[in-house]
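Summary of the model geometry
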Amino acid sequence: QVQFVESGGDLVQPGGSLRLSCVVPRNIFIAGSMGWYRQAPGKEREYVASITTDEYTNYTNSVKGRFTITRDGTKNMVYLQMNSLKPEDSAIYYCNMFPSIGDWGQGTQVTVSS
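Scoring rules and cut-offs
- Residues numbered from 1 in each chain as written.
- Predicted model: local features only at pLDDT ≥ 70, side-chain atom pairs only at ≥ 80, totals over all residues.
- Heavy atoms only, no water.
- Pairing = 2+ DSSP bridges.
- Helix = DSSP H or I, 4+ residues; strand = E, 2+ residues; numbered from the N terminus.
- Buried < 20%, exposed > 50% of the residue type's maximum accessible area, 1.4 Å probe, protein only.
- Polar contact = N/O pair within 3.5 Å; in protein donor to acceptor, adjacent residues only side chain to side chain.
- Salt bridge = Lys/Arg side-chain N within 4 Å of Asp/Glu carboxyl O.
- Disulfide = S-S within 2.5 Å.

Considerations on the pairing of strand β3 (residues 18–23)
Consecutive side chains of a regular strand alternate in pointing toward one face of the sheet and then the other. Note that strand β1 (residues 5–7) and β3 share three bridges and pair antiparallel. Bridge pairing links serine 7 to serine 21 in β3. Pairing between β3 and strand β8 (residues 77–82): six bridges, direction antiparallel. Paired with leucine 18 across the bridge in β8 is methionine 82.

The structure is reproduced here in C-alpha cells:
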C-alpha cells in the first residue's frame with residue numbers, strides 16, 4: 001500500500017499564503033509525475049497541479065499564477081506553495097502520482113476565511 005503523507009494545511013485569511021508538503025515513497029517518487037489534488041465539502045476531488053520528473057509543471061486555471069508545485073529528489077518531497085489564497089481554495093489537499101493511483105493519504109486541511 002502506497003503511503004502519501006501530506007502536511008502544512010492551516011486556517012489562513014484571504015490573501016495569505018501556505019506551503020504544503022508531501023512525503024512520497026522513493027520508488028513512487030522516481031516513477032513519474034506527481035500531482036496535488038483537492039476536495040471541498042460536497043464536491044468531487046479535483047486536480048490542482050502536477051510536475052514531471054523533468055520538472056515541467058501544469059496547473060488548473062483557477063490557481064495559475066498563485067500556486068507553485070515543486071519537487072525535491074534529495075528528500076522525496078513534493079511541495080505546493082499557495083499564495084493569494086481565496087475562500088474557494090478551502091479544501092482538503094492531497095498529493096498523489098499524476099495520473100493518480102489508487103492509494104490516497106489523509107490529506108491536509110486548508111481553510112481560507114476571515
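Here's the deal with the sheet that holds strand β6 (residues 57–59)
Sheet strands pair via backbone hydrogen bonds, and the direction of the pair is either parallel or antiparallel. Spatially, six strands are ordered β2-β10-β9-β4-β5-β6 in an open sheet, and the strand pairing comes out mixed. Each edge of the open sheet carries a strand with a single partner, namely β2 (11–12) and β6. Sheet topology note: the strand β4 (residues 34–39)/strand β5 (residues 46–51) ladder contains five bridges and is antiparallel. Its bridge partner lying in β5, tryptophan 36 is registered against alanine 49.

Quick word on the environment of tyrosine 37
Relative to the elements of secondary structure, tyrosine 37 occurs in strand β4. Of the residues examined, tyrosine 37 reaches a relative accessible area of 7% and is grouped as buried. Along the backbone, tyrosine 37 and serine 7 are 30 residues apart, and their C-alpha atoms lie at a distance of 13 Å. Engagement of the side chain of tyrosine 37 in a polar contact is seen with the backbone oxygen of methionine 97, the distance being 2.7 Å. Among the polar contacts listed, one links the side chain of tyrosine 37 to the backbone nitrogen of serine 100, at a separation of 3.5 Å.

With respect to the pattern of salt bridges
By the definition in use, this model includes three salt bridges. As a salt-bridge pair, arginine 38 and glutamate 46 come within 2.6 Å of each other at their nearest N and O atoms. With a relative accessible area of 5%, arginine 38 lands in the buried category. On the accessibility criterion, glutamate 46 (36% relative accessible area) is partly exposed. Note that aspartate 89 is salt-bridged to arginine 38, the shortest N-O span being 3.0 Å. Here aspartate 89 is found in the loop between β8 and β9 (91–97), whereas its partner arginine 38 is found in strand β4, with 51 residues between them in sequence. Considered together, aspartate 89 and arginine 38 belong to a single accessibility category, that of buried residues. Look at the salt bridges and you will find they share partners, linking Arg38, Glu46, Arg66 and Asp89 into a network.

A closer look at the state of the cysteines
Summed over all chains, the structure comprises one disulfide. Across the disulfide, cysteine 22 is cross-linked to cysteine 95 (sulfur-sulfur distance 1.6 Å). Residue cysteine 22 is located in strand β3, and its partner cysteine 95 is located in strand β9; the two are separated by 73 residues in the primary sequence. In this pair, the class of cysteine 22 matches that of cysteine 95, namely buried.

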